[in-house]
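# Summary of structural features
Residues per chain, in single letters:
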Amino acid sequence: MNRYNIEALLDRYLKKETSIEENQLIEKWLAENGNADSNWKQLDSSSKDKWLSDVFMDIKASIKQNEPKVVPIKSQKHLWYKIAGVAAALILVFGLYLTWPLLEKRMLPTDLTSISIPDHEKKQITLADGTKVWLNAGSELKYAKAFDGKTREVYLSGEAYFDVRHDASRPFLIHTGKVLTTVLGTAFNIKEDPNNHTLEVTVTRGKVSVADDGKLLSILTSNQQVSVDLLTRKPTEKTVDTKTVIAWQDNDILFDDITFADAAIQLEQHFDVKIAFNNEKLKNCRFSGAALRGDKLDKILDVITDFNNASWKLTSSGHIMIYGEGCN
């Protein structure tokens, strides 16, 4: 946990946005190490907030990454409180840095069931509340055997389609890294792509809210999608054909006005092959069509190459090469 994350945690604490466990850890450190005088425990809530806010602003103003820690001193009268305040915040920072792994472990429930899907396989499971989840190849889901609390929370890595059982009193939360997707009862797809550093949430029914590290990014309804760039944290919203997005669930491959390049990506993922083009212009060709469940790769390639006045060949290395003049 770096300094910026700790600053964010302190900032959320001041805004009363932290969890109970985060509050307990922060206040424990303040009570044991950070009190500017011996009456810390006797301060009321507003006084504590004001004191901590002052310290937080001092730290942000005086500490810069890779620079000496300098505390501006305005007068001798305030010397003790400034030194004590900065020392308290520094103790809190380093204390949180050392104890953060334990805090994260405490924040993540220990009685979770974990299911990992091998490559080239898919699996459908039903959770304790009746929610159905379809997991794509290479994905992992951690979930509780029973949802006993005020929320229903799961942890996803990879891609999954959720059909959530409606329960207005207990929101359903999906953690995918720092991105949190919250619903009451709806159907949607989440796809985390570590290679392209993106995360997509696509709604097929109902309404979904998507937040990144506590910041609301989007509220989606049917046929809407938000794609989050995990490097810049920038979200992009658009309207999509959800049938194409969730085609992997039913083992169907759907092509709806897409480029040859995008079609090749779908085929690579579905059949675990490598497809290349001898002419970059081929990637620009667009077409629509559908490859139904059970169709073999060679049959699909015959159809889409004929449509684009192209041809294909299996190379000695086992890759597929597409040949043709292409499109402008």
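Residues numbered from 1 in each chain as written. Predicted model: local features only at pLDDT ≥ 70, side-chain atom pairs only at ≥ 80, totals over all residues. Heavy atoms only, no water.

Let us now look at the state of the cysteines. Applying the stated criterion across every chain yields a total of one disulfide. Each sulfur of the disulfide joining Cys285 and Cys327 lies 2.1 Å from the other. The sign of the S-S torsion, about 100 degrees, decides the handedness of the disulfide formed by Cys285 and Cys327: right-handed. A residue pair is termed long-range when its members are at least 10 positions apart, and Cys285 in the loop between strand E16 (275-277) and strand E17 (286-291) and Cys327 in the segment after strand E19 (320-324) qualify at 42 residues. When its relative accessible area of 1% is taken as the criterion, Cys285 is described as buried. Of the residues examined, Cys327 reaches a relative accessible area of 27% and is grouped as partly exposed. (Disulfide = S-S within 2.5 Å. Helix = DSSP H or I, 4+ residues; strand = E, 2+ residues; numbered from the N terminus. Buried < 20%, exposed > 50% of the residue type's maximum accessible area, 1.4 Å probe, protein only.)

As summarised here, the arrangement of the seven strands in space is E1-E4-E5-E7-E8-E11-E12, forming an open sheet in which the pairing is mixed. Two strands bound the open sheet, and with one partner strand each, they are strand E1 (112-116) and strand E12 (215-221). With strand direction ignored, the average angle separating the axes of adjacent strands in the sheet is 20 degrees. By the bridge criterion, four bridges tie strand E8 (residues 179-183) to strand E11 (residues 207-212) in an arrangement that is antiparallel. Paired with Thr182 across the bridge in E11 is Ser209. (Pairing = 2+ DSSP bridges. Axes fitted to C-alpha atoms, helices over the stretch in contact; angles between N-to-C directions.)

With that settled, consider the packing of aromatic side chains. Enumeration according to the criterion identifies five aromatic pairs in this entry. Between Phe147 and Phe172 the ring centres are 6.2 Å apart and the planes differ by 70 degrees, which places this aromatic pair in the edge-to-face class. One end of the pair, Phe147, is in the loop between strand E4 (140-144) and strand E5 (152-157); the other, Phe172, is in strand E7 (residues 172-176), with 25 residues separating them in the sequence. Residue classification places Phe172 among the buried positions, given a relative accessible area of 0%. Here the aromatic rings of Phe260 and Phe277 are separated by 5.3 Å at their centres, their planes lie at 80 degrees, and the arrangement is edge-to-face. With a gap of 17 residues between them, Phe260 in helix H6 (residues 260-271) and Phe277 in strand E16 connect regions that are remote in the sequence. For Phe277, a relative accessible area of 13% gives the class buried. (Phe/Tyr/Trp six-rings, centres within 6.5 Å; stacked < 30°, edge-to-face > 60°.)

Interhelical geometry of H6 versus helix H7 (residues 297-307) gives an angle of 175 degrees and a closest axis separation of 12 Å. Between H6 and H7, the interaxial angle falls into the category roughly antiparallel. Contact residues: Phe260, Leu267 and Phe271 in H6; Leu297, Ile300, Leu301, Ile304 and Thr305 in H7. Of the residues belonging to the contact of H6 with H7, the class tally is seven nonpolar, one polar and no charged. (Parallel < 35°, antiparallel > 145°, perpendicular 65-115°, else oblique. Contact = heavy atoms within 4.5 Å. Nonpolar A, V, L, I, M, F, W, Y, C, P; charged D, E, K, R; others polar.)

Geometric values such as these leave the question of function open.
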